[in-house]
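# Reading the structure
These are the residues of each chain, in order.
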Amino acid sequence: MADQYAQTGEDSRPTEIPALRWEEPPEGPVLVLLDQTRLPAEEVELVCTDAPALVEAIRSLAVRGAPLLGIAGAYGVALAAVRGFDVDDAADALAGARPTAVNLAVGVRRAQSAYRAGLAKGGDVQQAAEAALAAARRLHQEDAEASGRMAERGLALLDELLPGGGHRILTHCNTGSLVSGGEGTAFAVALAAHRAGQLRRLWVDETRPLLQGARLTAYEAARSGMAYTLLTDNAAGSLFAAGEVDAVLIGADRIAADGSVANKVGSYPLAVLARYHHVPFIVVAPVTTVDPDTPDGASIEVEQRPGHEVTEVTAPQVPVAGAEAGGGVPVAPLGTQAYNPAFDVTPPELVTAIVTEEGVVSPVTAKALAEVCARSRQVTTG
């Protein structure tokens, strides 16, 4: 069993991994990304000089995670504006790069609106570009602040639901600082519990087929000195049956108006298991992930990923026999068809609570969710 025990003593290692940053070298502004497809073997950065490069990085999952996609999308619009490319074309390409994660379109449109407003005020392209960049930077900062508030609210909810501490938390996919301007969403709550001495064990689903849990969440947990254990996705049921899970914490890529939650495929089965075993199933996401224009789970467009992600396993960066570095090793007969949705949808009745930076929604109802979103709009416009 892959297992890691908590670090003792003061841990000074950084936990806020720089997943994305804006730089302005002499040759012109660029967006620098930590290539998440190369983790944990090596930390390699991608430099994007235009929107098409960023679109490719998004589609290849070099940059991923709903909140960070919103930030990246906003910076992508700013990059097009500052470098003199067509902003509307860039915005459309970026917003459509991945259909399920609503934050991407939200970030893109926010920077695009700032750019258009800048043009309307004075018609100066440079000032409009600066307005788009300022909007991206504000979104980046707001997401970092939201992450901190979600961690606080999530930890308080755990203390309320599970008094006494010693939490054993199961998480799915990756929801830490690699997906956020701060320390993440669901992972940030687990990290807060760890720092408070209340985390007994973080159970990490490996998250097939691309292993975001094994590659990324375990990477972040190890860097943070957390006690964690990696398990195959299909071992979760036996873990629940053994009474080893106190709560499930996941993030979200889109939350419909009725509280239906689209998240990495494999989340819905965990919700069913949690309900059967009377374990809280908690979703942690910023209000930007709530899409009031999507009425219910059936209306959420679920991204379908290429079949080779299932029929092949990605080779490590070091070449192995029969495969190029970074290529795929077949694990199924040639011509095998694969079903590979990137996400599944959990109905609101299986969700114990949705934790946002503006408040906790529990029980999850359309009315309660709308009230939290309205509160956020008041804060933004106030």
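Calculation notes
Throughout this document, residue positions are counted from 1 along each chain, in the order its sequence is written. With the structure being a predicted model, the display of local features is reserved for residues of pLDDT at least 70 and the display and counting of side-chain atom pairs for 80 or more, all residues being used for whole-chain, interface and lining totals. To get the side-chain values, all heavy atoms of the structure are used, and hydrogens and water are removed first. Any residue under 20% of the maximum accessible area for its type is buried, any over 50% is exposed, and the rest in between are partly exposed; the area is computed with a 1.4 Å probe on protein chains only. Secondary structure elements follow DSSP: runs of H or I of four or more residues count as helices, runs of E of two or more count as strands, with numbering from the N terminus. This arc is taken over the directions from the axis of the helix to the C-beta atoms. UniProt positions are given in the numbering used here, feature names are shortened, and annotations may be inferred rather than shown by experiment. In this analysis a 1.4 Å probe is tested at points of a 1 Å grid over the protein atoms alone, and where it fits but cannot get out there is a cavity; an open set with protein on both sides within 12 Å along at least five of seven lines is a pocket; lining residues have an atom within 4 Å of a point. Any pair of residues with heavy atoms lying within 4.5 Å of one another is described as a contacting pair. Between any two strands, pairing holds if DSSP finds at least two bridges. Between N-to-C directions, angles span 0 to 180 degrees; the directions come from axes that are lines fitted to C-alpha atoms, helices contributing only their stretch in contact. Should a side-chain nitrogen of Lys or Arg be within 4 Å of a carboxyl oxygen of Asp or Glu, the pair is scored as a salt bridge. Think of a polar contact as two N or O atoms within 3.5 Å of one another; within protein, one of them needs to be a possible hydrogen donor and the other a possible acceptor, and neighboring residues in sequence only count if both atoms come from side chains.

Bringing helix α9 (residues 267-276) into the picture now. If you check which residues of α9 are buried, you get Ser 267, Leu 270, Ala 271 and Ala 274. One side of α9 holds all its buried residues, which, seen down the axis, span an arc of 105°. One or two steps after α9, the chain reaches His 278, where phi turns positive at roughly 55°.

Per the UniProt entry, the sites bearing "binding site: substrate" (unreviewed entry) are Arg 64, Gly 65, Ala 66, Arg 98, Gln 212, Asn 263 and Lys 264 in this numbering. Cross-referencing the annotated residues with the lining of the largest cavity gives Arg 64, Gly 65, Ala 66, Arg 98, Gln 212, Asn 263 and Lys 264. Here Gly 65 lies in the loop between α1 (51-59) and α2 (66-82). According to the relative accessible area criterion, Gly 65 is buried, its value standing at 11%. Within the secondary structure, Ala 66 sits in helix α2. Beyond its immediate chain neighbours, meaning those up to four positions away, Ala 66 contacts Asn 103, Ala 252 and Asp 253.

Before going further, it helps to spend a moment on the sheet that holds strand β4 (residues 45-48). Reading across from one edge, β2-β3-β4 is the order of the 3 strands in this open sheet, with antiparallel pairing throughout. Of all strands in the sheet, those bounded by a partner on one side alone are β2 (20-23) and β4. Adjacent strand axes in the sheet meet at a mean angle of 25°, parallel and antiparallel pairs treated alike. As judged from the 4 bridges shared by strand β3 (residues 30-34) and β4, these two strands associate in the antiparallel manner. Considered in β4, the bridge of Val 32 is made with Val 47. Docked against the sheet, α2 engages β2, β3 and β4, running at close to 15° with respect to β2.

The final tally for this structure, using the stated rule, is 17 salt bridges. Between Glu 24 and Arg 137 there is a salt bridge whose closest N-O contact spans 4.0 Å. Of this pair, Glu 24 sits in the loop between β2 and β3 while Arg 137 sits in helix α5 (residues 125-161); the two residues are 113 residues apart in sequence, bridging distant segments of the chain. Residue classification places Glu 24 among the exposed residues on the basis of a relative accessible area of 54%. The network of salt bridges with shared partners includes Arg 98, Glu 303, Arg 305 and Glu 309.

Its place among the elements puts Arg 275 in helix α9. In the structure, Arg 275 is positioned 35 residues away from Val 310 in sequence and 28 Å away in space, judged by C-alpha atoms. Dropping the residues within four chain positions of it, Arg 275 is found in contact with Glu 349 and Leu 350. Within the structure, the side chain of Arg 275 is placed 2.3 Å from the backbone oxygen of Glu 349, a separation counted as a polar contact.

Burial in α1 covers these residues: Ala 51, Leu 54, Val 55, Ala 57 and Ile 58. Seen along its axis, α1 keeps its buried residues to an arc of 160°; they face one direction. With a side-chain oxygen positioned 3.0 Å from the backbone nitrogen of Ala 53, the residue opening α1 is Asp 50.

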